[in-house]
Each structure stands twice: as C-alpha cells, then as structure tokens.
Amino acid sequence: MKLHEYQAKEIFANFGIPVLPGKVAFSADEVERISQEIGYPVVVKAQVHVGGRGKAGGIQIARNAVELRENALKILSMQIKGIPVKKVFVTQAVEIRDEYYLGITVDRQARKLVLMLCASGGVDIEEVAAVSPEKIAKVHIDPLVGLHDFQITKVIYGSQVDLSKAKEIREIIRNLYRCYMEVDASLAEINPLAVTIDGQVIALDAKLLIDDNALFRHSDLEQMREVGADLDELEEEAQDLGLAYVHMPADKRGPIGVMGNGAGLVMNTMDEVARAGGKPNNFLDIGGTATAEVVEKALLHILKDDMVKGVFINVFGGIVRCDVVAQGLIKAYERLERKVPIVLRITGTNEDIARQMLEETPLQYASTTTEGAVKIVELVGKG
C-alpha cells in the first residue's frame, strides 16, 4: 500500500523523525488559508503516487500570495505521468545546505533488509546507483538480529555526509528503522534528508510502502488507503470490473494491447513485443480460470484506449481451456465497433479445437510467443 508524502510524514513524526509543519489542501483557497497559518515562504507539493514530481513541475516555492495562488492553480490542474493531481501538501520552506538520501528496503537477493545512506540526495537513487554507485553506503540488516549501532556508524562514515551531523543522523536512522519494522513497511525513504543553513537535520520528503499482507495488523494505516489514487481512468474501471490491468505510463505507452493468463506469461509477452520493435500499451492478466465472458470483457476493455491499434493475446491452456478462450475472443470480436488486428498464440488443453474455431475468423494464429510478437508488430507498425 502506497502512502502520500503527507501521510508518511505524519507517521514519521510519530516515531520522532523531524519533519516541517504542513497540511494537505484540495483547492487554491485552502492553500492560501494554510499558507497564512504557516507563514511565507511555503512549498506547494503535488500529492500523487508517482515519482518525478519536481521534474514535472509538481513542487513549487511561493514567497507571497500572488506566487502562491498561481502555483496552486497550476499544480492542481496538472497530470503527472498520467495521474491527475487532486490535492497538494503545503509546508514550510527552508534554505538547504546539504541534501542526503536515506532509505531502508528489502534486498530480495540477499534475503535481508538493506540500509542505504548517500550524500547525493534530492535525485532518484537509481540515477546515483547507475552513475556513481560508490557514493551509496549500504549495510544489510538480518531481520532476526536487527540493526546494530556499528552498522549505523559504518553507513554514516562510508557515505561522505557531514560528520558534524552524525549524532542527528544516527538518531533519525534508529527511528526510521523502528518505524519500518513497526508499521510492516517494504520501503521507508527520506529523499532528501536535508541539513538546513541553520544546522537542522530534517526529513523534507517522506515515502512509505506498507506490506499489504500485514494490513490486518494495522487498521489505522489501512484507513489511509486511497482506492484508485494511483490509477488512471482505465485502471479504475478495470478494478471495478475485477480485471488485473495495468496501463503503461503515458510517456511509454504504445499501440499494442497485451493480454494473457498468468502474470509471468503476460510480462514475457510484453518483453517479446518490445524485442520485436513494438511498444506494449498495457498489461492484462485474465487469470488461470478465465471464462469466455472474462476474455470478452478483457478484450473490450483493452480497446477502450483509442491508442491501441492491435492486440496480442498469449494463452497457455492449463486450467483454462483454449476453446473457452477462443469462444470469448470470437464473441468479443463480433461486437467490436473498432476492428483491429488480433494475433493469438494459444497452446494447451483443447488447442486443436480452438484452432479450428479460429480458422474462419479474422483472428490470426501464431505458434510461438516470438512469432506472435513479430506478427503483431508487422500488422500494427512499431508506433
């Protein structure tokens, strides 16, 4: 479960992590009222469940009422990576001397938690890892043993942060780890962890991901869940329909719809489409027990995006029978108001029956995933 910055900061504050005062607002009028309470200058920050808010213009400083209203109206009318901004966090602005990165997450390869501290904060940690990985100090935390003081010392001295602030950073790390464990987080991140010009060490941003499987222990946190908050319109509709559908980000979205049964198979299919020179539009998993009705519903939903010019469907008929899938596709195709090329790779139970059913239809058959990916790219174009 993703939390907004203002929600994560509220939790951080409860664990003794220093944050600046601020409130959430849903309109420019509310932004003005909150700013008068806090006092200028303030920062207006878009609250969406995607990264890159600053680069997209979703974080603005306002030094007076004129700048404030202009920035508030601008941010509340924008979309960031396809997600509309419906609210903003208004908080005190400070002058920053240094920006650090601090985070705790799961290292699945090591099967341990990993604590990371870096003197190059304020940017995506992935960028730092790609360009200057030596700048990131890391220690693995055995979940059965916990975080030791010597490990905190190791990351502080290995990260090139200002050692005169080691005491404050040490305390923040301890509290962040305690927060991570007690709320059952899968990620706790402060970026930037800032040192202000007057020497304060403050969490200027906050990110928390909570393990969904642990929410039964946290009824207070579950109330913070915002259904559809990080979904675009088609993803919200899919959720209501009971479909496992993910729309690709607007800047990466292509013209080829992708559908299959099983998350791994669908992801592999998307990779093959990309390898063939095409761009997938979506991920849609119809599951292992899909009926003809589910298949029809899934195809019709993919085509709600006018950008989709063709669909590649990849089905392994284990639990779900191939003829059932074919029946749903044929029925759905007959109802399509907008006909597009459809390539089907289907194998497994009742495969021969399914192929016979498809022979007299415009649906095109492929014997392998690679063949199907090449065929749909040829029919649609690389987009």
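See the structure above.
Presented here is a report on the structure given in the accompanying data block. What you are looking at is a predicted structure, and each value in this text was computed from that prediction instead of being measured.

Conventions adopted
- Chains are numbered independently. Their residues run from 1 in the order of the written sequence.
- Restriction of local features to residues with pLDDT of at least 70 applies here, the model being predicted, together with a cutoff of 80 or more for giving and counting side-chain atom pairs; totals for whole chains, interfaces and linings are based on all residues.
- Calculated side-chain values reflect all of the structure's heavy atoms, with hydrogen atoms and water omitted.
- Residues grouped as a nonpolar core are buried Ala, Val, Leu, Ile, Met, Phe, Trp, Tyr and Cys residues, joined through side-chain atoms within 4.5 Å.
- Exposure classes here rest on a 1.4 Å probe applied to the protein chains alone. A residue is buried below 20% of its type maximum, exposed above 50%, and partly exposed in between.
- Note on contacts: a residue pair is in contact if any heavy atoms of the two residues lie within 4.5 Å.
- Put simply, DSSP marks the helices as runs of H or I at least four residues long and the strands as runs of E at least two long, and each gets a number from the N terminus on.
- A helix is expected to span 1.5 Å multiplied by its residue count minus one.
- Lines are fitted to the C-alpha atoms to define the axes, a helix being fitted only along its stretch in contact, and any angle between axes, read from their N-to-C directions, falls within 0 to 180 degrees.
- The scheme is simple: roughly parallel for angles under 35 degrees, roughly antiparallel for over 145, roughly perpendicular for 65 to 115, oblique for anything else.
- Crossing handedness is defined as follows: a turn of the near helix away from the far one that is anticlockwise and smaller than a right angle gives a left-handed crossing, while the clockwise case is right-handed.
- Classification convention: Asp, Glu, Lys, Arg as charged; Ala, Val, Leu, Ile, Met, Phe, Trp, Tyr, Cys, Pro as nonpolar; all other residues, Gly among them, as polar.

## Regarding the nonpolar core
- One finds I11, L102, L115, I156, I173, I190 and L208 to be the most contacted residues of the largest nonpolar core, which totals 43 residues.
- Aside from chain neighbours lying at most four places away, what touches L115 is L102, G103, I104, A137, K138, V139, I141, L147, V155 and I173.

## Concerning helix α11 (residues 322-335)
- With 14 residues, α11 should cover 20 Å at 1.5 Å per step; its first-to-last C-alpha distance of 20 Å lies within 8% of that length.
- Taken across its 14 residues, α11 has ten buried, putting it largely inside the fold.
- If you check which residues of α11 are buried, you get C322, D323, V324, V325, A326, G328, L329, I330, A332 and Y333.
- Packing partners of the buried residues in α11 comprise β14 (256-260), α10 (292-302), β16 (310-317), β17 (342-348) and α12 (351-358).

## Some remarks on the packing of α10 against α11
- Viewed as axis vectors pointing N to C, α10 and α11 meet at an angle of 45°, and their least axial separation amounts to 7 Å. Classified by the angle between their axes, α10 and α11 sit oblique to one another. Handedness of the α10/α11 crossing: right-handed. The segment α10 lies against α11, with A292, V295, E296, L299 and L300 engaging V324, V325, Q327, G328, L329, K331, A332 and R335.
- Across the contact of α10 with α11, the residue classes tally to eight nonpolar, two polar and three charged.

## Some words on the environment of N175
- Within the element layout of this structure, N175 appears in helix α6 (residues 166-182).
- Residue N175 is classed as buried on the basis of its relative accessible area of 8%.
- Considering only alpha carbons, one finds N175 and R63, 112 residues apart in sequence, at a separation of 33 Å.
- Those residues in contact with N175 that lie beyond four places of it in its chain are F15, G16 and I17.

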